[in-house]
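Letter by letter, the chains look like this.
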Amino acid sequence: MTFNMDFFIVGLMQIVGFFVQGTTGFGCTVIAASVTNGILGTAIGVPYGTIITLPFLYYLGIKGRKDVSWKDLLKIVIGCAPGILIGNMLFSSISPQTAKIGIGAMIIVIATMNIHKHIVKPLIMKCVEEENTEDTLGKKVFRYGCLLLGGIVHGAFTIGGPLITVYTLEAVKDKKKFRNTMTWLWCILNVWNAYSQYNKVPFSDRSYLINALIIGLPLAGIGFFFGMRFLEKINRVQFLRIVYAILMLIGVNMFKSSVPWTPELVQYATIFLGIVFVGYTIMIIKNKNKGIFAAQTK
């Protein structure tokens, strides 16, 4: 085995990623992707991110097999399968930068809507929105669209988890079943991805990949088992808040690291975000004051 300091740095990032994975059932590859691909390069970093998950996924999958929503898992696999095949074919032809900009923007919008619903409204505005139980055609199309697109993205770059999560959060309500269902999804999808991606690594680079994995696996294990313990200490409401906050961080990181920023673009983005932030803050204050006034007049 050849030690390389780069392998250790990549491994340290796996601690963070696998802590999230052990808690939520997704996120390790996406969270660590910028460091992993930045240091190892995409040709090595993508298969590295897929292969390193396998032992932990199967450990947790077998351990939590009784708390899996198998019916929903079957729907997810069937929904993702066409996308996985398409994504494998697009791996060498589509620009990862373009894909990450679009996916990052989509995840930011989805996470923002749910952070407002699950964090801002109950904790800041002090009001709880009643759940809308009506499942409209539009909602179904959106969910299954995220599933198909998530399969494509996962097949190409192994970062489809956030999009697939959008569907699974609605389908699987229990936090342990959600994590274990997502875990079995990756057990199924990542075996194919690992085989496909490893075969695309030049033979001369395979020892480099294996050495990186040998150093990264123990560090990933540390984060993973601490994440599993953390899940035991939180309830469903806290779990949802953590999931959507993580989705927001993933989306922002994808978007920010992929856009070719220029000084003018930074200036425009700062002005736009400032206007949105001020407007959103005013809206929260107005709605909070209305709620206080309504409570006082009862």
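Residues numbered from 1 in each chain as written. Predicted model: local features only at pLDDT ≥ 70, side-chain atom pairs only at ≥ 80, totals over all residues. Heavy atoms only, no water.

1. Concerning the overall build of the protein chain
Thought 1: Along the protein chain, the regular secondary structure elements total 12 helices and 0 strands.
Thought 2: Starting at the N terminus and ending at the C terminus, the protein chain contains elements arranged as α-α-α-α-α-α-α-α-α-α-α-α.
Thought 3: Residue burial in the protein chain is summarised as follows: out of 298 residues, 45% are buried.
Thought 4: In the protein chain, the proportion of contacts linking residues at least 24 apart, taken out of those at least 6 apart, comes to 82%.
Thought 5: Only carbon and sulfur atoms are counted for the fraction: they give 69% of the accessible area of the protein chain, which is about 15,300 Å². (Helix = DSSP H or I, 4+ residues; strand = E, 2+ residues; numbered from the N terminus. Buried < 20%, exposed > 50% of the residue type's maximum accessible area, 1.4 Å probe, protein only. Contact = heavy atoms within 4.5 Å. Areas by Shrake-Rupley, 256 points an atom, 1.4 Å probe, with all protein chains shown as cover.)

2. So, the pattern of salt bridges
Thought 1: The full count for this structure, using the stated rule, is 2 salt bridges.
Thought 2: Measuring nitrogen to oxygen at the nearest pair gives 3.8 Å for the salt bridge that ties Glu170 to Lys173.
Thought 3: Glu232 is the salt-bridge partner of Lys176, the closest N and O atoms lying 3.4 Å from each other. Residue Lys176 is located in helix H9 (residues 175–199), and its partner Glu232 is located in the loop between helix H10 (206–231) and helix H11 (236–258); the two are separated by 56 residues in the primary sequence.
Thought 4: Owing to a relative accessible area of 28%, Lys176 belongs among the partly exposed residues under this scheme. (Salt bridge = Lys/Arg side-chain N within 4 Å of Asp/Glu carboxyl O.)

3. A few points about the environment of Lys175
Thought 1: Along the polypeptide, Lys175 turns up in helix H9.
Thought 2: Separated by 56 residues in sequence, Lys175 and Leu231 place their C-alpha atoms 8.5 Å apart.
Thought 3: Aside from chain neighbours lying at most four places away, what touches Lys175 is Leu231, Glu232, Ile234, Asn235, Arg236 and Phe239.
Thought 4: Within the structure, Lys175 has its side chain in polar contact with the backbone oxygen of Leu231 (distance 3.0 Å). (Polar contact = N/O pair within 3.5 Å; in protein donor to acceptor, adjacent residues only side chain to side chain.)

4. Description of a nonpolar patch on the surface
Thought 1: A surface patch of nonpolar side chains, amounting to about 360 Å² of accessible area, comprises Phe19, Ile222, Phe226 and Phe230.
Thought 2: For the nonpolar patch, the element with the highest residue contribution is H10, accounting for 3 residues.
Thought 3: Relative to the helices and strands, Phe230 is located in helix H10.
Thought 4: Classification of Phe230 as partly exposed rests on a relative accessible area of 30%. (Patch = residues over 30% accessible without salt bridge, like charges linked within 9 Å, V, L, I, M, F, W, Y side chains within 5 Å.)

5. Some points on the environment of Arg143
Thought 1: With respect to the helices and strands, Arg143 occurs in helix H7 (residues 137–157).
Thought 2: For the pair Arg143 and Tyr167, spaced 24 residues apart in the sequence, the C-alpha separation amounts to 5.0 Å.

6. What to know about the nonpolar core
Thought 1: In this structure, Phe26, Ile164, Leu185 and Trp186 are the most contacted members of the largest nonpolar core, which totals 43 residues.
Thought 2: Of all the secondary-structure elements, those providing two or more residues to this core are helix H2 (28–40), helix H5 (70–90), helix H6 (96–124), H7, helix H8 (161–171), H9 and H11.
Thought 3: For Leu185, the contacting residues outside a window of four places in its chain are Leu73, Ile76, Val77 and Ile164.
Thought 4: Within the second largest apolar cluster, 18 residues are counted, among which are Ile44, Leu60, Leu213 and Phe224. (Core = buried A, V, L, I, M, F, W, Y, C linked by side-chain atoms within 4.5 Å.)

7. So, the environment of Lys63
Thought 1: For Lys63, the location among the structural elements is in helix H4 (residues 54–63).
Thought 2: A residue is classified by how much of its surface remains accessible, and Lys63, at 53% relative accessible area, is exposed.

8. Side note on H8
Thought 1: The element H8 is largely enclosed, with a buried count of 9 among its 11 residues.
Thought 2: Within the sequence span of H8, burial applies to Gly161, Pro162, Leu163, Ile164, Thr165, Val166, Tyr167, Thr168 and Leu169.

9. Section: the packing of aromatic side chains
Thought 1: Using the criterion set out here, one finds 12 aromatic pairs in the structure.
Thought 2: Ring pairs connect the aromatic residues Phe18, Phe56, Tyr59, Phe224 and Phe225, which therefore count as one cluster. (Phe/Tyr/Trp six-rings, centres within 6.5 Å; stacked < 30°, edge-to-face > 60°.)

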